[in-house]
Amino acid sequence: MSRVDADAIKIAVRLQPDRLLLKIMINRPLNHTKKTCFMNRKAWIIFLFIMAPFGKWPLYSQDSSRVAGRDGTKLQPIVQVFASASYQVENRHYGFSFSRAHLGFQYRFNEKWNAKIIIDRGRPTTVGEITVTNPLGQSLNVQNTSIEGAYYTMFLKFASLEWKVTDRLVLEGGAILQNHYITQERFWGFRYLAQTFQDLYWKIPSSDLGFIAYYNLNKVLSFDAAVTNGEGPRAKQDASGKVKYAGGLDIHPSRNIQFRMYYHNRQTGIDSLDTEHMFSFHAGFSPLEKLRMGGEFNYMVHLNNAVGLDSYGFSLYSACEVAEKTEIFFRYDRLLYHLSELMESSAGYENGHTLIGGVSFSPFSNIFLSLNYQGWITGSDNGNSSNHLMLSMEYKF
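Below you will find a few notes about this structure. (Residues numbered from 1 in each chain as written. Predicted model: local features only at pLDDT ≥ 70, side-chain atom pairs only at ≥ 80, totals over all residues. Heavy atoms only, no water.)

If you trace the backbone, Ser370 turns up in strand β21 (residues 367-378). Here the alpha-carbon distance between Ser370 and Leu193, two residues 177 residues apart in the chain, equals 7.9 Å. At 3.0 Å, the side chain of Ser370 and the backbone oxygen of Val359 are in polar contact. Polar side-chain contacts of Ser370 include one of 3.2 Å to the side chain of Asn372. (Helix = DSSP H or I, 4+ residues; strand = E, 2+ residues; numbered from the N terminus. Polar contact = N/O pair within 3.5 Å; in protein donor to acceptor, adjacent residues only side chain to side chain.)

In structure tokens:
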């Protein structure tokens, strides 16, 4: 049994960027006064066991960049949130909503292999397959992919593995980012305000299950091709096993000019429906460093595989930096539908115009705020126009 003077011992704790140091100091020689405590070997073991987590070891529990012992420099968080407060002029209606809440991680195994997984808010519940029986007892199976459920249920949006085969060829598989309107979206630059044409009016999902390949021929030309389910990440493959084929061509004749052409072919196994075809063309120009102007034209044959339902339209947009971290922007869309006689009675297909304009301010990097106007001017006799004043925001890291 050993005796230790309690006043003779001080414990110093020093925090370093990646570790905590514990230092036990003896102030004066041990004595045998009344202020003593007796610590046997078991007590010392217990003491050291309790203090061990605070010793000279890396504090992994405090460092979120280290997961399962892997190199934290290769693991990157993915967070992106869109939100808006709106006022509808006609109904004097106030509202607040989230249009995106991405949360995920990206991990780089080495220079050639990369993986990511991202969840998002949405309405992921689908009805699935429905069996309808007529009075004669004949049954018909219908695949319903309508989105139901709570608005803010999280669902798996992206989960892909990327292989950089060469400096020119990249392959990706899983729940991938489709490359149909991403070029336009990045050029438009204000996704947190409103979607681009294909996403806004035709509700084509940004991700899907399948494979995509990118090939850079040179600094001017690049290609991409994809084979996916065609239903988006929220629905499983349809019963007939039909897929969507897609391909695109990017042309960059100079740093300030870009063009993109895209086509997709979405098949169906239902006899009463037909193959969906989409053609898209985009052009973007930056005549000045602080000014960009762009536009796109989109044509859809057999929208949602429906026979007798075609749609087309164009979108024009421009943005100019008028002060440091401040831009003004304007956008005009024209949407048209061409319906056969059998489809004319169908509701929800309304011709019209969209006007968007406002100012965007970025107080810090990756934080964006915008005060803007968004209006829909109907071109149909039975349609309704609407006007919204919006306060929109985005933050990401």
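Next comes the rest of the account.
Under the counting rule described, the total for this entry stands at nine salt bridges. The salt bridge involving Asp224 is made with Arg260; its shortest N-O contact spans 2.9 Å. Of this pair, Asp224 sits in strand β13 (residues 221-228) while Arg260 sits in strand β15 (residues 257-266), and the two are 36 residues apart along the sequence. Given a relative accessible area of 2%, Arg260 falls into the buried group. For Arg331, the salt bridge goes to Asp333, with nearest N and O atoms at 2.7 Å. (Salt bridge = Lys/Arg side-chain N within 4 Å of Asp/Glu carboxyl O. Buried < 20%, exposed > 50% of the residue type's maximum accessible area, 1.4 Å probe, protein only.)

The next subject is the nonpolar core. Ranked by internal contacts, the top residues of the largest apolar core, which has 21 residues, are Trp202, Leu309, Leu335 and Tyr337. Counting only elements with at least two residues in this core, the list comes to α3 (197-202) and β19 (326-339). The residues touching Trp202, leaving out its near neighbours within four places in the chain, are Phe197, Met278, Asn298, Tyr299, Met300, Leu303, Ser311, Tyr312, Leu335 and Tyr337. Counting residues in each nonpolar core, the second largest holds eleven residues, with Phe187, Tyr192, Ala194 and Ala319 among its members. (Core = buried A, V, L, I, M, F, W, Y, C linked by side-chain atoms within 4.5 Å. Contact = heavy atoms within 4.5 Å.)

Another point: the environment of Ala235. The residue Ala235 is located in the loop between β13 and β14 (244-254) in this model. You can call Ala235 buried: its relative accessible area is 8%. Placed 26 residues apart in sequence, Ala235 and Leu209 show a C-alpha to C-alpha distance of 9.3 Å.

For the coordinates displayed, the defined rule picks out 20 aromatic pairs. Look at Phe197 and Trp202: their rings are 5.3 Å apart centre to centre, the planes differ by 85 degrees, and that puts the pair in the edge-to-face class. Relative accessible area serves as the criterion here: at 0%, Phe197 is assigned to the buried category. You can call Trp202 buried: its relative accessible area is 5%. An aromatic cluster is defined as three or more aromatic residues linked by ring pairs; in this entry it consists of Phe187, Trp188, Phe190, Tyr317 and Phe329. (Phe/Tyr/Trp six-rings, centres within 6.5 Å; stacked < 30°, edge-to-face > 60°.)

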